[in-house]
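Structure at a glance
In case you want the letters, here they are:
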Amino acid sequence: MSRPVSYNITEKKLVDDISIAEMPEGHQGEGFFATQLNSVIGLARKNSIWPLPFATSCCGIEFMATMAPTYDLGRFGSERLAFSPRQCDLLMVMGTISKKMGPVVKQVYLQMAEPRWVMAVGACASSGGVFDTYSVLQGIDQVVPVDVYVPGCPPRPEAIIDGILNIQKLVGKESLRRRNSEQYKALLESYGIQ
C-alpha cells in the first residue's frame, strides 16, 4: 500500500516571503535616497558576516546544529563559513582552550583583516567553565578582545543565534572611525597587538 502524496498547489507571491532589511535613516525623494556612509556600510557588514569557527569541544557540535537546516544560521547572513582567517571577520571560539592553544587563537585573530569581531561561545571559552585547572585558559579574553559572550555549557543553538544577532547589532552601529580611535588602540595595546 502506497502512501498518498500531496502537492503544494497554492500560489504564493515571492515578495510576501522575503524579509527586507530595515532602511537606514536618511532623506528620500523622487528617485533618490541620501544617508550617512556609516549607516550603509554598517547595514552591509551586519548582513554579510563571515564567521570562522574555532571549535575544540562540545560547543562545536552545538554550532553544527546551528548551521543545520533546523536552525539555519544562513538566514542571518552568516552562511559563508570559512576556515581561512584572511577571509573572515567574525572569530567564533567554541570550547575549552588550553594555555598552549592561547597563542594559536591570538595568531588566528591577528591574521584576520580589520574590522574583526570575536564571539566567545560557551562557558569554557568565556570563563574556563568547569575546568579551573593550571592548563586551561580561564576565558579567551586573556589573549584576544571579546565582543560578545554566549553563555551555556554547551549553549543551545538558540543562544548561538542570539549571539550572532548581538554581533549584528554591534556591527551595524559601529562607526567607521572606531578602529582609529585612541580607546581602540589602547585596547589592542593592552593585548600586545599593534
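What counts, and where the lines are drawn
- Residues numbered from 1 in each chain as written.
- Predicted model: local features only at pLDDT ≥ 70, side-chain atom pairs only at ≥ 80, totals over all residues.
- Heavy atoms only, no water.
- Helix = DSSP H or I, 4+ residues; strand = E, 2+ residues; numbered from the N terminus.
- Buried < 20%, exposed > 50% of the residue type's maximum accessible area, 1.4 Å probe, protein only.
- Areas by Shrake-Rupley, 256 points an atom, 1.4 Å probe, with all protein chains shown as cover.
- Contact = heavy atoms within 4.5 Å.
- Arc of directions from axis to C-beta.
- Pairing = 2+ DSSP bridges.
- Right-handed = clockwise from strand over helix to strand, strands pointing away.
- Salt bridge = Lys/Arg side-chain N within 4 Å of Asp/Glu carboxyl O.

Attention shifts here to the overall build of the chain. Within the chain, the regular secondary structure consists of seven helices and six strands. When the elements of the chain are put in sequence order from the N terminus, they spell out α-β-β-α-β-α-β-α-β-α-β-α-α. Classification of the 194 residues of the chain by burial places 36% in the buried group. Total accessible area computed for the chain in this model is approximately 12200 Å², and 56% of it derives from carbon and sulfur atoms.

This part covers the environment of aspartate 72. Tracing the chain through its elements places aspartate 72 in the loop between α3 (58-67) and β4 (90-94). For the pair formed by aspartate 72 and isoleucine 161, sequence separation is 89 residues and the distance between their alpha carbons is 9.3 Å. Excluding residues within four positions of it along the chain, aspartate 72 makes contact with Thr66 and Met67.

The next point concerns α3. Within the sequence span of α3, burial applies to Cys59, Gly60, Phe63 and Thr66. Relative to the axis of α3, the buried residues are bounded by an arc of 105° and lie together on one face. Opposite the buried face of α3, by more than 90 degrees, sit the exposed residues Ile61 and Met64. Residues of α3 that are buried in the fold lie against β3 (51-55), β4, β5 (117-121), α5 (122-127) and α6 (157-173).

We now examine the pairing of β4. A large share of β4 lies buried, amounting to five of its five residues. On β4, burial covers both faces: Leu90, Met92 and Met94 on one face and Leu91 and Val93 on the other are all buried. As judged from the five bridges shared by β3 and β4, these two strands associate in the parallel manner. Residue pairing in the sheet places phenylalanine 54 in a bridge with valine 93 of β4. With α3 bridging β3 and its parallel neighbour β4, the resulting β-α-β unit is left-handed. In this structure, β4 lies alongside β5, joined through five bridges in parallel fashion. By the bridge assignment for β5, leucine 90 is matched with tryptophan 117. This β-α-β element, β4 to helix α4 (residues 102-111) to β5, shows right-handed connectivity.

One pass over the structure, following the stated rule, counts five salt bridges. Between glutamate 158 and arginine 156 there is a salt bridge, and its shortest N-O distance comes to 3.2 Å. Overall, arginine 156 belongs to the partly exposed group, its relative accessible area being 48%. Here arginine 179 and glutamate 174 are joined by a salt bridge, their closest N and O atoms 3.0 Å apart.

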